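Secondary and tertiary structure notes
One-letter residues, chain by chain:
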Amino acid sequence: RGASFTFGGKSTPNMHGARVRLQVRRKTSGAWRTIATVAVNRRGGYSRKLHFTSPGAAYLRWSYSGGASHAWMSATSRSRRVAIT
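Anyway, here's the lowdown on the structure attached to this text. Note that the coordinates shown come from a computational prediction; the quantities given were computed from them, not determined experimentally.

1. Brief notes about the layout of surface pockets
Of the volumes computed, that of the largest pocket is approximately 200 Å³. If you trace the largest pocket, you find 15 residues lining it, with S11, M15, Y46, Y64 and A75 closest to the centre. Counting only elements with at least two residues in the lining of the largest pocket, the list comes to β5 (56-64) and β6 (75-76). Tallying contributions element by element places β5 first for the lining of the largest pocket, with three residues.

Right, here's the structure in full:
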C-alpha cells in the first residue's frame, strides 16, 4: 500500500496515437471507473504509474472506445487482480 507500480499493455495491431482508458474497480462486480487516459506510443505500448492507499484487491483493465470517428473497434483488455497489502 502506498508503493508505486506500472501497469501497461501493448496494442495489436499498433494503434499509435489512440487514447486508451485505465479502469479500476475494487470488487469482482460493479461498475468500472476510469482513473487515467493514456496515448498509445509509436511502438503500440501504453502504461501508467499508479499506487493505492487502501488495502484490498484492485481489478485493473484497459478500455478503448471505437466508433465512427475512430479507426478501430471498441475493445477492453482482460482484467488483472492486484493485491494491495
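2. Here's the deal with the pairing of strand β2 (residues 19-25)
The element β2 is extensively covered by neighbouring structure, given that five of its seven residues are classed as buried. Where β2 lies against strand β3 (residues 33-39), six bridges are found, and the strand directions are antiparallel. The residue of β3 that forms the bridge with L22 is A36.

3. Focus on the environment of S47
With respect to the helices, strands and loops of the structure, S47 is situated in strand β4 (residues 45-50). For S47, a relative accessible area of 41% gives the class partly exposed. As a C-alpha pair, S47 and V20 span 27 residues in sequence and 9.7 Å in three-dimensional space. With sequence-adjacent residues up to four places away left out, S47 is seen in contact with T6, F7, G8, V38 and W62.

4. Description of the packing of aromatic side chains
In the structure shown here, the tally under the stated rule is four aromatic pairs. With centroids separated by 5.8 Å and ring planes inclined at 5 degrees, the aromatic side chains of F7 and W62 adopt a geometry described as stacked. In this pair, F7 sits in strand β1 (residues 5-10) while W62 sits in strand β5, placing the two residues 55 residues apart along the sequence. Exposure class is identical for F7 and W62. Each is buried. Ring geometry for Y46 versus W62: centroids 4.9 Å apart, planes at 70 degrees, classification edge-to-face. Placement of the pair is Y46 in strand β4 and W62 in strand β5, with a sequence separation of 16 residues.

Definitions and cut-offs
- Residues numbered from 1 in each chain as written.
- Predicted model: local features only at pLDDT ≥ 70, side-chain atom pairs only at ≥ 80, totals over all residues.
- Heavy atoms only, no water.
- 1 Å grid on protein atoms, 1.4 Å probe; cavity = no way out; pocket = protein on both sides within 12 Å on 5 of 7 lines; lining within 4 Å.
- Points joined across faces, edges and corners; volume = space filled by probe spheres on them.
- Helix = DSSP H or I, 4+ residues; strand = E, 2+ residues; numbered from the N terminus.
- Buried < 20%, exposed > 50% of the residue type's maximum accessible area, 1.4 Å probe, protein only.
- Pairing = 2+ DSSP bridges.
- Contact = heavy atoms within 4.5 Å.
- Phe/Tyr/Trp six-rings, centres within 6.5 Å; stacked < 30°, edge-to-face > 60°.

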